[in-house]
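# Tertiary structure, described
The residues making up each chain are set out below.
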Amino acid sequence: MNKEKILEVKDLEISFRTHAGDVQAVRGISFDLFKGETLAIVGESGSGKSVTVKGVMGLLADNGYYKNGHILFEGHDVTKMKEAQLHSVRGNKMAMIFQDPMTSLDPTMTIGKQIMEVIRLHQKVSKKEAFEKAVKLIDMVGIPEPRSRMKQYPHQFSGGMRQRIVIAIALACEPTILIADEPTTALDVTIQAQILDLVKDLQQKIGASVIFITHDLGVVANVADRVAVMYAGKMVEVGTSDEVFYDPRHPYTWGLIGSMPDLETEGELYAIPGTPPNLIKPPVGDAFAIRNKFAMDVDFEEQPPMFEISKTHKAATWLLHENAPEVTPPDVIIKRRERLKEVNS
Ligand SMILES: Nc1ncnc2c1ncn2[C@@H]1O[C@H](COP(=O)(O)OP(=O)(O)OP(=O)(O)O)[C@@H](O)[C@H]1O
């Protein structure tokens, strides 16, 4: 993997003002994004995945604010940019594929026109050149007979095809970072897989870095280079896909993995009981403690730091402290570790 750093997020905190008090949606997260890699951010609903990527794009809701930390993109701090600068970064360097393709397409305009508009906004090209580029993009995202489909409107396409058009529009600005916020939830499973493969394939062609957000770990196993797991506004584990899928160390990741059906290891399902904490008044210690059957006293008193397991793998759980007792992870996790050993031997 090329190790050129595209994005550096450090100690980022994002909060929202509400009548009941400030919601601390992102509570001090740090991560890097490297050129050409796919980073998946996973976690339950409300863990702060969307707020994190919206923060990266400078797209916070009106009641939101950066409380601490920085987001360095090409040497500039997104948290300090004025709206005009943000607008230019978003238009030229970062593109987002939203969950529902219908909300990002204009139903009254042909798809050809929509793609050409974006191209002409970003590149100094004639109408004819923009037309040819748009045809090329439609072809690139796997829509047959691109030339004749230029004249059609969004409702004339199926859900999967519309998602492809949204991707074509995102690519029209030749982004450095492509952000996909659960791009697949509105689609059926086969189409989901096709779309993910397509994004992966396009990423290799255009050399962009991709951030995928999802709560479905299974979906990203085959496409992500690295995985970051979020819980209650914090990153609790980050590592390569193999590290997180086959040798997870955080009990929350054990829960996420244990609750997904796995044909390879056929382990018993292991669900996480309870619900995430209130982010207006987050707990003093580890926010996961109350749901963690391995929690010790310290979990309720102090937040764990990120412990380093390897150069690429880190997890924030007191179970990794040198004085922590040895615990036995759920069966499904033990089976996965064994499988990783088999694969590597
Ligand atoms: N504008 C806002 N005002 C108040 N709270 C907000 C606002 N936007 C987000 N939040 C809160 O921030 C927290 C994180 O939300 P976020 O959307 O990032 O979660 P998520 O992990 O992406 O979940 P999902 O998978 O459901 O999209 C949630 O508690 C949410 O209610």
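The name given to the chain in an unreviewed UniProt entry is ABC transporter ATP-binding protein, and the organism recorded there is Vallitalea guaymasensis. What UniProt states about the chain under its Sequence similarities (unreviewed entry) heading is, verbatim, "Belongs to the ABC transporter superfamily." The UniProt entry for the chain carries the following comment under Subcellular location (unreviewed entry): "Cell membrane".

### Concerning the pairing of strand β6 (residues 94–97)
A regular strand places its side chains so that they alternate between the two faces of the sheet. Neither face of β6 is open: one carries M94 and M96, the other A95 and I97, and all of them are buried. Judged from the four bridges that link them, β6 and strand β7 (residues 177–181) form a sheet pairing that is parallel. What sits directly across from A95, in β7, is L178.

### Side note on unusual backbone geometry
Unlike most non-glycine residues, D11 shows phi in positive territory, near 50°. Following the sequence through the fold, D11 ends up in strand β1 (residues 5–16).

### Considerations on the pattern of salt bridges
The final tally for this structure, using the stated rule, is 14 salt bridges. Residue D32 is joined to K5 by a salt bridge in which the shortest nitrogen-to-oxygen separation is 3.7 Å. Remark: K5 occurs in strand β1 and D32 occurs in strand β2 (residues 23–34); sequence separation between them is 27 residues. A salt bridge links R291 to E44, with the nearest nitrogen and oxygen atoms 3.1 Å apart. With R291 in the loop between α11 (251–258) and α12 (297–301) and E44 in the loop between β3 (38–42) and α1 (49–56), this residue pair connects regions lying 247 residues apart in the sequence. When salt bridges that share partners are traced, they join K5, E8 and D32 into one network.

### Description of the side chain of R90
Looking at the secondary structure, you find R90 in helix α2 (residues 83–92). Using a relative accessible area of 16% as the deciding quantity, one classes R90 as buried. Discounting chain neighbours no more than four positions away, the residues touching R90 are M57, G58, L59 and E83.

Thresholds applied
- Residues numbered from 1 in each chain as written.
- Predicted model: local features only at pLDDT ≥ 70, side-chain atom pairs only at ≥ 80, totals over all residues.
- Heavy atoms only, no water.
- UniProt positions renumbered as here; feature names shortened; annotations may be inferred.
- Buried < 20%, exposed > 50% of the residue type's maximum accessible area, 1.4 Å probe, protein only.
- Helix = DSSP H or I, 4+ residues; strand = E, 2+ residues; numbered from the N terminus.
- Pairing = 2+ DSSP bridges.
- Salt bridge = Lys/Arg side-chain N within 4 Å of Asp/Glu carboxyl O.
- Contact = heavy atoms within 4.5 Å.

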